Amino acid sequence: MRFGNKTLLSAALGLALLGTSPYLVSPAQAAGAQTVDIAYQEFMLPNGLRVIVHTDRKAPIVAVNIWYHVGSKDETPGRTGFAHLFEHLMFQGSENHRDEFFGPFERVGATDQNGTTNTDRTNYFQNVPTTALDMALWMESDRMGHFLGAVDKGLLDEQRGVVQNEKRQGENQPYGVLREPLSKALFPKGHPYSWTTIGSMNDLNAASLEDVKSWFRRAYGPNNAVLVLAGDIDLATAKEKVAKYFGDIPAAPDFKQPAVAVAPMKADSRLVLTDKVPQVSWNRIWNVAQNGAPEEDDLDLFAQVLGGSGSSRLDRRLVHKEKLVDNVSAGYYGQQLSGRFSVSASIKQGVDPKKVEAIVDEELKKLLAEGPTQEELDQAKVAIKSGFIRQIERIGGFGGKADVLAACAVYQNDPGCFRKSLANVDKATVASVKAAGNTWLNNGSLFAIVEPGERKPAAEEPSVARTAAPAPGAVNKKFKTLPAGVDRSLGVPKTETFPDLSFPALQRATLSNGLNVVLASRPGIPVVQMNMLFGGGFSSDAGKKLGTASFATTMLSQGAGEYDALAFAAKQESLGANIGSAAGLDGASASLSAIKEKLEPSLALYAEMLRNPRFDGKEIERVRAQWLATIKQEKVQPQGVANRVLPSLMYGAGHPYAIPSSGTGTEADIAALTRDDLLAYQNTYIRPDGATLVVTGDTTLSEIVPLLEKHLGTWKGAGVKPVPVAPTVASVALPKKPRVFLIDQPGSVQANIFAGQLVPSSRDPNVVDLEVANGVFGGTFTSRLNMNLRENKRWSYGARSGLQNAQGLRPWIASAGVQIDKTAESMAEMNREIREFASGKNPTKPDELSKIQNSFTLRLPGSLETNAALSASIADILRYERPDDYVLQRSARIKSITLEDVQRAAARIQPDALTWVVVGDLSKIKDKVAALNIGPITVLDNDGKPVKTDDKKAK
């Protein structure tokens, strides 16, 4: 499965197809990358644990990634959801660490830490400082070999509740009604993929303690796992440490994998549902060849040509020519037992879906009959190669090098299977791609469609007769154990030293037209990242048409010079480049990610976009229609509608920040935008004078400056007047009492709660203190808010708080998605937590402060691993006029901060000045929320306008 610049499926469809946490790496992604490899060595412990080692010394971090070859496919009817439930349970500590698994990792600055489950496997991963590797291996081995004694009914009930809230959260999203029935419609009853990874509510409720213990004994032994260590490590070190921590864990019984069962459909069928959504989501899905099948890579290429890029056949026909859809995509997803090939489209309001369906069928049949052109095939190969190169810039996390190696080992018993995939796609021909399509896409398919209508909350699944749980099996005698290498009674190993924090020196140059260039050189992966920073941004829309800045900036890449929008997209893909442009609150940017071997032609295309954007009338109208559809989608998403209404409530009418935080503006203003409005924005802000180009990656100043001079040095920009100086953002008086705003979302199974207040700007001298205070309260997994609502109360899948960057006063927002029947109770808990923290009644504890200090400072080497992350950090330095070594200065301040400093920062959060927004089914929550008496209640519509009500408790 390949996630590039296109959204391959709606969120609901993706979740339903791929499980709750999709497997993001496909060997097909690797195609064509002949100059890039992941060198590895491997060994196996006597107990069957397979270990793969990749050395990458670019940063003092190690990715620890362990895959258990067990997923929802290994469950049985009546006992679904166990694999995903266990993913959660195994984060709750073990026999020798009876506490949250995340805790020790936060204290050493781990990054990219998570766990995921899909149909086929469960994985856990984290990047840790090299000196914390012993701690990480101790923790992972303790939950593999010493877990069952820590599981009791209380822990089971706690995580059962968390998982059920995760399930509700998915179902509560627009198009979420598709999530549950899709698997049943795609596969025959009893097929291992015929139920969702997250499982049935009834099955989760029925799970007993003995059920889960038996499940663990069957599946989580070392002989059913692959451990990948990637980064600042070598084979000898890996052998010594892995044997020490994992060697004495006995093997589990052999875990039999089910046979491949593609289950191609014999005939077309339909699944049509309704939801409270603004437009039809149309999807057509085939069951096709599984991961590792001979046709896998050709199917990936077929999908890329059909609908995998902005210049694909379906894009050309449906988006640009016929203008029937707002977006369309095609994708191939390889799984262990069966693959999926899908075509998805968001159909414009008023368009007959049958018309879209007929065109998709026509284009599909044409591609099946003729195959792709050689030009299309070559372009697809470059796109896949470049995607893989960018993917393996990371050693860990979703899709990084450790993930690639683990996936290949688990699914194809060959950690280097990506090399075969590279070769397969490189040698793919028009004939082979055509043949793969005809082999699989002439079978039956499922049309899965969600139409606008009433949202019907998913009914609790009827009880299914529970099949007998498979016995764990006999003791596995073909594997042996090593003597215990560590005394676990001593607890988690202490990490006493940490790598020094370093930040690359920023080198500077100025082009002949005055354009400032800032370079952070980082050799290694052959990618060069550029990000040009401009003024303007959403706030410059004040007094004009809201959405102008974002719309105008987006239009830069919709055709430039000799290239119309389609030709621009095709040229970009043929170069393997990613070119984009976007606006933020206080500025705009234009970015380029170029593969090193195509740097100059990619830079030439990037320069053409900046210097000669076309702003074609037909493209403006196409983007306008898509834009209006996006606004409608925002209004049916809980987070989206809150992002639209909260800023105006907190800043007040007329303030430049009192706009939807997405920057999309309003429907009326977008409808009224003219080409002259867009040109005026471009002329004012998209200019080299006053701009700065940030360059990161595999280049040097002596190499890049001549290229920049050649392509950008004579650019003068179209503006006549000087670039406007950014105005000082006006201050805002805080409310004198709390206010509560309710937005109705009938049929929702969750409520989404937001509590916000304005706090000092990102330029404030005490900005770091407030960041630390927020970390204690709601900025990390083990922060107070999440531990209360998720782990203790089991009312939420996640609760958090955060700060948004801004030149002026900025929002601090605490939020939680909670089960609908606990809305008022959750608000009460959030209100109490905020009051006690801000007032000092329950101040920051020394242990909490030290945890945040370690987490925020020690994670920095890992957090700056990619060029994109480094570029973003430099952009912040420049935007807020910070010193070049700000990262080091910030780290020093965090280390020196005191409890008194944190309390002073916490006191800036004033509970009586909070603005509350709650999005949910008001028929179920309004009266209870009113009874809390937090503040006066106003009911709003999705545009943020008051709704008349006869309720005396609301106005």
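Remember, predicted model here, so these are calculated numbers, not experimental data.

About the thresholds
- Residues numbered from 1 in each chain as written.
- Predicted model: local features only at pLDDT ≥ 70, side-chain atom pairs only at ≥ 80, totals over all residues.
- Heavy atoms only, no water.
- Helix = DSSP H or I, 4+ residues; strand = E, 2+ residues; numbered from the N terminus.
- Rg over C-alpha atoms; globule rule 2.2 N^0.38 Å.
- Buried < 20%, exposed > 50% of the residue type's maximum accessible area, 1.4 Å probe, protein only.
- Contact = heavy atoms within 4.5 Å.
- Areas by Shrake-Rupley, 256 points an atom, 1.4 Å probe, with all protein chains shown as cover.
- Lys, Arg positive; Asp, Glu negative; His and termini not counted.
- Charge placed at Lys NZ, Arg CZ, Asp CG, Glu CD.
- pLDDT = per-residue confidence, 0-100.
- Disulfide = S-S within 2.5 Å.
- Pairing = 2+ DSSP bridges.
- Axes fitted to C-alpha atoms, helices over the stretch in contact; angles between N-to-C directions.
- Salt bridge = Lys/Arg side-chain N within 4 Å of Asp/Glu carboxyl O.
- Core = buried A, V, L, I, M, F, W, Y, C linked by side-chain atoms within 4.5 Å.
- Parallel < 35°, antiparallel > 145°, perpendicular 65-115°, else oblique.
- Nonpolar A, V, L, I, M, F, W, Y, C, P; charged D, E, K, R; others polar.
- Expected span 1.5 Å × (residues − 1).
- Polar contact = N/O pair within 3.5 Å; in protein donor to acceptor, adjacent residues only side chain to side chain.
- Left-handed = near helix turned anticlockwise from the far one by under 90°.

### Examining the overall build of the protein
If you tally the helices and strands in the protein, you get 33 helices and 23 strands. Taking 955 residues into account, the globule formula puts the C-alpha radius of gyration at 30 Å, and the protein, at 27 Å, falls close to it. On the principal axes, the C-alpha backbone points of the protein span a range of 80 × 70 × 60 Å. Buried residues in the protein amount to 63% of all 955 residues. Looking at the protein alone, contacts between residues at least 24 apart form 83% of all its contacts between residues at least 6 apart. When the accessible area of the protein is evaluated, it comes to approximately 34,000 Å², of which 52% is carbon and sulfur surface. Each charge class in the protein can be summarised by its mean position, and for the 109 positive and 105 negative side chains these summaries are 2 Å apart.

### Some details on the confidence of the model for the protein
Confidence in the prediction for the protein averages 91 pLDDT; 94% of positions are at 70 or higher. Ignoring residues within four places in sequence, the model shows residues 1-34, a span with pLDDT below 50, making 129 contacts including any to other chains.

### Comments concerning the state of the cysteines
Under the definition given, this model contains one disulfide. Paired by a disulfide, Cys408 and Cys417 hold their sulfur atoms 2.0 Å apart. Between Cys408 and Cys417, the S-S torsion sits near -75°, and that sign places the bridge as left-handed. Summarising the burial analysis for this pair, Cys408 and Cys417 share the class buried.

### Considerations on the sheet that holds strand β12 (residues 507-510)
As summarised here, the arrangement of the six strands in space is β12-β13-β17-β14-β16-β15, forming an open sheet in which the pairing is mixed. Across the chains shown, the open sheet's two edge strands, defined by having one partner strand only, are β12 and β15 (578-583). On average, each strand axis in the sheet is inclined to that of its neighbour by 15°, with strand direction left out of account. Of the strand pairs in this sheet, β15 and strand β16 (residues 588-595) are connected by six bridges, and their pairing is antiparallel. Opposite Ile579, over in β16, you have Leu592 as the bridge partner. Contacts from helix α13 (residues 374-391) reach β14 (527-534), β15 and β16, with the element oriented near 105° to β16. Together, β12, β13 (516-521), β14, β16 and β17 (692-697) form the strand contacts of helix α30 (residues 867-879), whose direction differs from that of β14 by roughly 25°.

### Observations concerning the pattern of salt bridges
Summed over all chains, the structure comprises 57 salt bridges. Between Arg687 and Asp689 there is a salt bridge, with its nearest N and O atoms 2.7 Å apart. Assessed through its relative accessible area of 4%, Arg687 is described here as buried. The exposure class assigned to Asp689 is partly exposed, which follows from its relative accessible area of 30%. With a shortest N-O distance of 3.7 Å, Glu833 and Arg832 are connected by a salt bridge. Judged by relative accessible area, which is 32%, Arg832 ranks as partly exposed. One salt-bridge network, in which partners are shared between bridges, spans Lys793, Glu829, Arg832, Glu833 and Glu836.

### Notes on the nonpolar core
The biggest cluster of nonpolar side chains holds 60 residues, and the ones touching the most others in it are Val772 and Trp916. Of the residues forming this core, the biggest block, seven residues, is contributed by helix α25 (residues 767-779). Those residues in contact with Val772 that lie beyond four places of it in its chain are Leu849, Ile852, Phe856, Ile894, Ile897 and Val902. Listed in part, the 59 residues of the second largest apolar core include Val51, Phe86, Phe91 and Val212.

### Some details on the packing of α25 against helix α32 (residues 899-906)
Two elements in contact, α25 and α32, have axes whose closest approach is 8 Å; the angle formed by their N-to-C orientations is 85°. What the angle tells us is that α25 and α32 run roughly perpendicular. Every residue of α32 that contacts α25 at Asp769, Leu770, Val772 and Ala773 is listed here: Asp901, Val902, Ala905 and Ala906. Grouping the constituent residues of the contact of α25 with α32 by class yields six nonpolar, no polar and two charged.

### Quick word on the environment of Ile834
For Ile834, the position within the fold is in helix α27 (residues 823-839). Among the residues examined, Ile834 registers a relative accessible area of 2% and is labelled buried. Sequence spacing of Ile834 and Ser855 is 21 residues, and the spatial spacing of their C-alpha atoms is 22 Å. In this view, Ile834 contacts Ala755, Phe777, Trp812, Ile909, Pro911 and Leu914; residues no more than four positions away in its chain are not counted.

### A look at the environment of Gln819
Mapped onto the secondary structure, Gln819 falls in strand β21 (residues 810-819). C-alpha of Gln819 to C-alpha of Gln169: the two residues are 650 residues apart in sequence and 8.4 Å apart in space. If we ignore the near neighbours within four places in the chain, the residues touching Gln819 are Asn165, Arg168, Val749, Gln750, Arg794 and Trp795.

### Comments concerning the pairing of strand β4 (residues 111-117)
Most of β4 sits out of view: five of its seven residues are buried. Both β4 and strand β5 (residues 122-129) contribute to a ladder of five bridges, which runs antiparallel. Bridged to Thr117 within β5 is Thr122. Counted along the chain from β4 to the antiparallel partner β5, the turn is four residues long.

### A word on the side chain of Ser194
With respect to the helices and strands, Ser194 occurs in the loop between α6 (179-186) and α7 (201-206). Apart from the residues within four sequence positions on either side, Ser194 is in contact with Ser183, Lys184, Phe187, Pro188 and Lys189.

### Comments concerning helix α5 (residues 153-172)
For the α-helix, the turn length of 3.6 residues means that residues three or four positions removed from each other point alike. With 20 residues, α5 should cover 28 Å at 1.5 Å per step; its first-to-last C-alpha distance of 28 Å lies within 8% of that length. One side-chain oxygen of the residue at the start of α5 lies 3.2 Å from the amide nitrogen of Gly154, identifying that residue as Asp152.

### Topic: unusual backbone geometry
Phi is positive for Tyr175, close to 70°, though the residue is something other than glycine. Looking at where Tyr175 falls in the secondary structure, it is placed in the loop between α5 and α6. Positive phi is not limited to glycine here, since Lys323 has a value of about 55°. Residue placement: Lys323 occurs in the loop between α11 (313-321) and β9 (325-333).

### Some words on the packing of α11 against helix α12 (residues 353-370)
Relative orientation of the contacting elements α11 and α12 amounts to 155°, with a least axis distance of 10 Å. Relative to α12, α11 is oriented roughly antiparallel. As for the relative orientation of α11 and α12, their crossing is right-handed in sense. The residues of α12 that touch α11, namely those facing Arg313, Leu314, Arg317 and Leu318, are Val356, Ile359, Val360, Glu362, Glu363, Lys366 and Leu367.

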